[in-house]
Structures are given as structure tokens and as C-alpha cells.
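Observations on the model geometry
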Number of protein chains: 2
Amino acid sequence: MSDITRIALDAMGGDNAPGEIVKGAVEAVQKRNDIKILLTGKEEVLKKELSGYTYPAEQIEIVNASEVIETAEPPVKAIRGKKDSSIVVAMKMVKKGEADAFVSAGSTGAVLVGGQVLVGRIKGVERPPLAPLFPTVKGASLLIDCGANVDARPSHLVQFAKMGSIYMESVMGVKNPTVGIVNIGAEEEKGNALVKETFPLLKACDDINFIGSVEARDIPYGAADVIVCEAFVGNVILKLYEGVGGALISKIKGGMMSSLRSKIGALLVKPALKETLKDFDLSEHGGAPLLGLNGLVVKTHGSSTSREICNSIIQCVTFREQKINEKIKAAIQQETQENLE
Amino acid sequence: MSDITRIALDAMGGDNAPGEIVKGAVEAVQKRNDIKILLTGKEEVLKKELSGYTYPAEQIEIVNASEVIETAEPPVKAIRGKKDSSIVVAMKMVKKGEADAFVSAGSTGAVLVGGQVLVGRIKGVERPPLAPLFPTVKGASLLIDCGANVDARPSHLVQFAKMGSIYMESVMGVKNPTVGIVNIGAEEEKGNALVKETFPLLKACDDINFIGSVEARDIPYGAADVIVCEAFVGNVILKLYEGVGGALISKIKGGMMSSLRSKIGALLVKPALKETLKDFDLSEHGGAPLLGLNGLVVKTHGSSTSREICNSIIQCVTFREQKINEKIKAAIQQETQENLE
């Protein structure tokens, strides 16, 4: 294996493309010399964007792609129809082994469909989950699954638990990460049909550190390192996290501006508060990997700025160095073997 | 109909029972002379608690109940086995028409089971939902259902939408309240099987103001007056609301105490901030009604203080005056008729 991690980057995806995406790529190569970025998108546009920066030229290569997939397009149709789009061109490079990873701030649907159709699943993985890190009082937890597969089955959730544990241990360096399943009560007999069926299966896994049910109330306090749930619930958790945080902060800011006394106070607390709130900012945690594929696919926020793009690129290096996909392959293989015995 | 609303109050339920419950009852009768409270619980204990207060004696009556249902007890067994518990005794009074409403901070499970088994459903109501109000940037929305029935069917969600609309219009005074269904995207084709099946049914209802899908991110900003979802998702939303709010506020407090400068600032912003955060406090919005029963059943937080108990009691008066149950009966009857035609 070469010492360089090659990242195909969708330069046309996201609200701030191509400006912030290209800027993020430049920031990443200025920080690390062990990466090479393959920028996919309209060549003439990207050339112009890049011309404003100074950077090691051999670390960024433009790969022309004439089409762009818009967020509102039906994903399956877009992936099939736009063969020369920045997403499809980049994913094919991952498939062919010309790139180790793919990062995109573009259409979530298209990234999820493309990941499965173009990059392909690791043999034995039933469904590849989208697994973002999110901030907690203790640090960060992994939410898995959060958008790829609604109406999941218990066996899917068991694989999510295993893949999530590997990610937290190898990429985030959490030793023997705890795994909890999202539930509406702490007791084993609580829950909907899916959770009740999944609970004993997770309990029986000896390759994960399952600690039982986790109530939504305790998630922000870091109740478990890996939070397992099906995608509909995961999506609600992630988006509500963002919504409550944003609404509360806007309320607080409004409250601070309500009198002269509080305005003066606000000036004094501002620097400390800014630092605190940074810890609770979802975008500080980089992109969400789509786990279980034959290559790394990372989805970042649609509103990503250069900072998040740069973080997501650097995250890919650890993912590759730690051989996450090989570890997932081994875990799934072991599972298949156990099921046969 | 008499002008007095009679409320059976579970004096033994909740973390702060009986002290805060009795105190809440006293506060309520000190505020309003059109209510009568029937305190259920151990007579000698309640007599002692009441002896410390001055209040109009004819407005509070103790109804002896020798048993207490604990939160950890399996609900069905508890309701069946503890016939002389404060919950069962109170609910039977509602059933017999001796009380108009029941308020409890005790076991949610027991209140939900007791409501269905002892008080009984309005004819045609398939499942009674638990429907708390929660704070938004604009004011408050109703979350329905949030704990009573997991694995719901589309027809249940349609009834939730109707009952929730009646509640928001009649009790909260919101004209033609908007109704949204919790979904993972704004488009009609998004969602899990339940949401996809429910969406066209809600769209076809001409007695509600359905505005389509609501993403979790927009809920705290007051995306709809009535937020419809099945109970598992509703429970996650309510508890995560509480969790993220609490965690963020504790982070902010920590941040404010991190330097001398920020400590001085904190002193100055404190009064304004306190007022702001009160608006975002779930307990300020009183208890959650269990809608669709032959009588009013209200569940308040397990951690309720006298203030929340008092608010919940007064809420019962509006509920009765506005004849919510008669309105629900009429709406469900119309639905049954339409289905027959």
C-alpha cells in the first residue's frame, strides 16, 4: 500500500460549492503531505477557483465531470442518468481503486444510492449505514444508522453495532466502546417490535460491549459511544439535535440583548461561550462515513464550509491507515461463519 | 353541568409525592374557586400534609387509598392487582362520573393502562394518544403521540391529527391549527412505510389543516401547531428535547464560570437569561393529556413540583369547559360515517 491516501472530492456538491469545497481541499494539502486530492467537477470552473491559491500542485488534480446532481433530483434516476456527474465520476474512481475515499457535501440520497450501486457493499453486509459523530457532554458518540435505510430489520441493527464499534475503536481511539440501543425505557421488555427483537441479539454478541437500552434524554450526556437505531429514528435524533441547539442558542442570544445590563454581560461572557458552543457544534465533527462499502464514502453537511471539508478529508487518512474496511470484512465473515455453525 | 370542575389528584405519584402534590392542590384552590380537588392517597399522611396550609376546606377532599403503584412495577399487573391504589381509586371516580378529570405524576405506564382499562376509550377511538405541549421559538406545539402506543397504524395517526387539532383549537385557542407529520425529508415520497401510507390519508382529511411533512430540525422553530408521529418517535423527540436543552444549558453555565471575566458577565446576564430559559422549560407547559378517553386523564412529569401540578389542575378546567371530549366524539363519529359511505 502506498503511503498516500487518495481522496476523490465532489467539488460541485453542497450549498457552498465549488468555492468552499476547493478552499477545503487547499487547506487539507497545506496541512498534510500524505494525501492527494482528485477534485471532480467542471474543469474550467475548478481551474479558476484553484488559481487564487498557493499550494503543492502535485497534491491536487482536477478530474473533469461535466454534470452536477442537484439535491432535489430523485437519487436513483440521477445516479443512473448523469454518468458524467461529479458524484458518479468520483465514485467510479473509488470502485476502480484509483481513489481510496470519496467525500461529498452534495445530495445525501445520491451519495447513499451511489455508494451501494457504484462502490458496492462488502460481502455479507446487508445494509450500509450512515454513521455521523455528534457532540455530547463527554466528547462525541457515533449515531448509526441515520439516514440510509428506513424500516430496518434486527439483523441490520446488529451489523450496525459491530461496524460502529470498529469505527469508534479504530478511528476515534475509544477502547472497548460501549454500545446502546435507542429505546423508550431502560428495561429490556420496553420498546417497539424492532427493538424488542434486536435487544437479545445484541446481548448475545460477544464482540461488542453492549450496555442495553439508552433513552433519548441521556444521549447528549454521552450515554454510550455507539448509539444504535434504525434510520428514521436516527434522522430524527440528528436533526432535532441540530434544531434544539440552534433554537436554544438563538433564544439565549435574544435574552442577552434584552437589556443594557445583559448586553454588557453578554460582551463579557462571549469569548468563553463561543469556546463552549464550539464543542457542541455538529459540523466540528467532520463528515459521516457510509460504512460497509468496498471503499470509504463520507457525506458532509450540505452547508459545509472549507473547515468541515478539510476535517473530513483528514478523517479519511485515519480510516485508511486503520484498515477499517478490512476489520469490518473480518467481523462480518466471523458472523456469517457463526450463523452457519 | 355544575360550574365546578372536580379533579381527582393522585397524591402519591411522582418523585416529590406527597409534599409537592398536596402543595400544588392548595395553590390551585387558592387561585380558583371553581374547582374541587379529590386527593387520593393514604388518609393519615395527606391529613398531616394539609394541616400545614390555610385554604378553603370545602375545595379539597381526601379520598383514602391504601396502596401505591411504584414506577418500576409492570403497569398491567399493578392496575389489576392494586385495586386500592391512589391511581385506581382516582380513575374509578372518573369512570363513575364522580370526577371530571384525573391528574397524576406517577407511573406513566400505569396511567396509560389505567386510562384505557378503567376510564375507557370514546367509542370509535382506536388508540388514546399521550399529547404533551412543548416549547418552541414561537410558543408551543402539541406532540401527539408520545408514549402510549408503539407500532401504530396509519388510521391511528389520522385520529391523532384530528384529536390534536381539536385540543390546540379549543384549549390553546389556536385558530385553524396547522398539522405536520414527522418525516425525514420534506417531499411526499420520503419516509418509512408508516409515514408514506399515512401522508395521503392526512392530505384527504378536510377537517384538519394539514401542511405536510415536518423535519425534526424545524420542530423547535414551531414548524406546526400539531406534530403527528407514532409513539416511539414521539418519545424520542420529547426526551431528546429535554436532554439536549439540559446538556447545552449545563455546558453554557460551565463556560460562564470558566474565567473571572465571564463570571462577572454571567452575573449581569443571569436575570434576562433566566426569563428566556423559562420559555423553553418543558415543565412550564403543564401535564400531557391522554386524549380520546371517557373523561380527562392528565400525566405530569415524574419530577413535578407544586407549580406544574397547579398548572395541570387549572388546565383541566378549560378542557372541561371547552367540551373537548364531546368535540372528539363528534369528529370520530363523522369519520366512522364517512368510512361507511
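Note on interface size: it is often stated as the accessible area lost on association of the parts. At the interface, 52 residues of chain B touch 52 residues of chain A. Taken together, both faces of the contact between chain B and chain A bury some 4,900 Å²; the carbon and sulfur share is 76%. Counting the surface chain B buries against chain A, the share from its top three residues, F232, L240 and K251 of chain B, is 14%. Applying the counting rule to chain B against chain A returns four salt bridges. The partner of R217 of chain A in a salt bridge is E242 of chain B, with the nearest N and O atoms 3.0 Å apart. Inspection of the chain B/chain A interface yields 14 residue pairs in polar contact (both at pLDDT 80 or more). Mapped by element, the contributors of at least two residues to the side of chain B that touches chain A are β7 (178-183), α7 (193-204), α8 (231-256) and α9 (260-279) of chain B. In terms of residue count, the dominant contributor to the side of chain B that touches chain A is α8 of chain B (20 residues).

The subject of this paragraph is the relation of the copies chain B and chain A. Note on the copies: chain B fits chain A at an RMSD of 0.0 Å, the axial shift is 0.0 Å, and the rotation between them is 180°. Overall, the copies show the geometry of a two-fold rotation axis. Nearest to the rotation axis, the C-alpha of G265 of chain B is located 2.0 Å from it, this being the minimum over chain B. Looking at chain B, 100% of its interface residues are interface residues in chain A too, so the copies touch through the same face.

Residue and element names in this part refer to chain A. Residues at a pLDDT of 70 or more form 99% of chain A, whose mean pLDDT is 91. Per-element confidence in chain A is highest for strand β9 (residues 226-228), whose mean pLDDT is 98, and lowest for helix α9 (residues 260-279), whose mean pLDDT is 81. Interface confidence for the predicted complex, given as ipTM, is 0.89, next to a pTM of 0.90.

Turning our attention to the nonpolar core. Membership of the largest hydrophobic core comes to 178 residues, with the highest contact counts inside it found for I37 and I219 of chain A together with I37 and I219 of chain B. Excluding residues that lie within four positions of it along the chain, I219 of chain B makes contacts with L240 of chain A together with F134, T136, V182, V214, I227, I237 and Y241 of chain B. Judged by nonpolar contacts, the second largest core, of 27 residues, contains I69, I87, V88 and A110 of chain A.

For helix α8 (residues 231-256) of chain A, which comprises 26 residues, the first-to-last C-alpha distance of 37 Å matches the rise-based estimate of 38 Å (1.5 Å per residue) to within 8%. Sitting at the head of α8 of chain A, E230 of chain A places a side-chain oxygen 3.1 Å from the backbone nitrogen of F232 of chain A.

Attention now moves to the side chain of Q159 of chain A. Secondary-structure assignment places Q159 of chain A in helix α6 (residues 154-170). Classification of Q159 of chain A as buried rests on a relative accessible area of 1%.

Our next topic: the sheet that holds β9 of chain A. Residues and elements named next belong to chain A. Here five strands make up an open sheet; going across it, the order is β5-β6-β9-β7-β8 and the pairing mixed. Edge positions in the sheet fall to β5 (133-135) and β8 (209-215), since each has one partner strand and no second. On average, each strand axis in the sheet is tilted by 35° relative to the strand beside it, whichever way the strands run. Running over the sheet, helix α7 (residues 193-204) touches β7 (178-183) and β8 and is turned about 165° from β7.

Residues and elements named next belong to chain B. With respect to burial, helix α4 (residues 86-95) is a largely interior element, eight of its ten residues being buried. Among all positions of α4, only S86, I87, V88, V89, A90, M91, M93 and V94 are buried. Just downstream of α4, G97 is the residue with a positive phi angle, here 80°.

This part takes up the environment of L46 of chain B. Residues and elements named next belong to chain B. When you line up the elements, L46 lands in helix α2 (residues 43-50). The exposure class assigned to L46 is buried, which follows from its relative accessible area of 0%. When neighbours within four sequence positions are excluded, L46 is seen to be in contact with A11, M12, P18, V22, L39, T40, G41 and I62.

Residue and element names in this part refer to chain B. Running from amino to carboxyl end, helix α1 (residues 19-31) crosses helix α10 (residues 306-321) at an angle of 50°, the nearest separation of the two axes being 7 Å. By the angle class used here, α1 and α10 are oblique. The element α1 and its partner α10 pack so that their crossing is right-handed. Together, E20, I21, K23, G24, A25, E27, A28 and K31 of α1 and S306, R307, I309, C310, I313 and I314 of α10 make up the contact between the two elements. Looking at the contact of α1 with α10 residue by residue, the class counts come to seven nonpolar, two polar and five charged.

All names here are of chain B. Counting buried residues along strand β1 (residues 5-10), five of its six residues qualify, which places the element largely inside the surrounding structure. By the bridge criterion, six bridges tie β1 to strand β2 (residues 35-41) in an arrangement that is parallel. Residue pairing in the sheet places A8 in a bridge with L38 of β2. Read from β1 through α1 to β2, the crossover connection turns out right-handed. Where β1 meets strand β4 (residues 101-104), three bridges bridge the pair, whose relative direction is parallel. Along β4, the bridge assignment pairs L9 with V103.

Parameters and conventions
Residues numbered from 1 in each chain as written. Chains lettered and ligands numbered in written order. Predicted model: local features only at pLDDT ≥ 70, side-chain atom pairs only at ≥ 80, totals over all residues. Heavy atoms only, no water. Contact = heavy atoms within 4.5 Å. Buried area = accessible area lost by both parts, 1.4 Å probe. Salt bridge = Lys/Arg side-chain N within 4 Å of Asp/Glu carboxyl O. Polar contact = N/O pair within 3.5 Å; in protein donor to acceptor, adjacent residues only side chain to side chain. Helix = DSSP H or I, 4+ residues; strand = E, 2+ residues; numbered from the N terminus. Least-squares fit on C-alpha atoms with pLDDT ≥ 70 in both. pLDDT = per-residue confidence, 0-100. Core = buried A, V, L, I, M, F, W, Y, C linked by side-chain atoms within 4.5 Å. Buried < 20%, exposed > 50% of the residue type's maximum accessible area, 1.4 Å probe, protein only. Expected span 1.5 Å × (residues − 1). Pairing = 2+ DSSP bridges. Axes fitted to C-alpha atoms, helices over the stretch in contact; angles between N-to-C directions. Parallel < 35°, antiparallel > 145°, perpendicular 65-115°, else oblique. Left-handed = near helix turned anticlockwise from the far one by under 90°. Nonpolar A, V, L, I, M, F, W, Y, C, P; charged D, E, K, R; others polar. Right-handed = clockwise from strand over helix to strand, strands pointing away.

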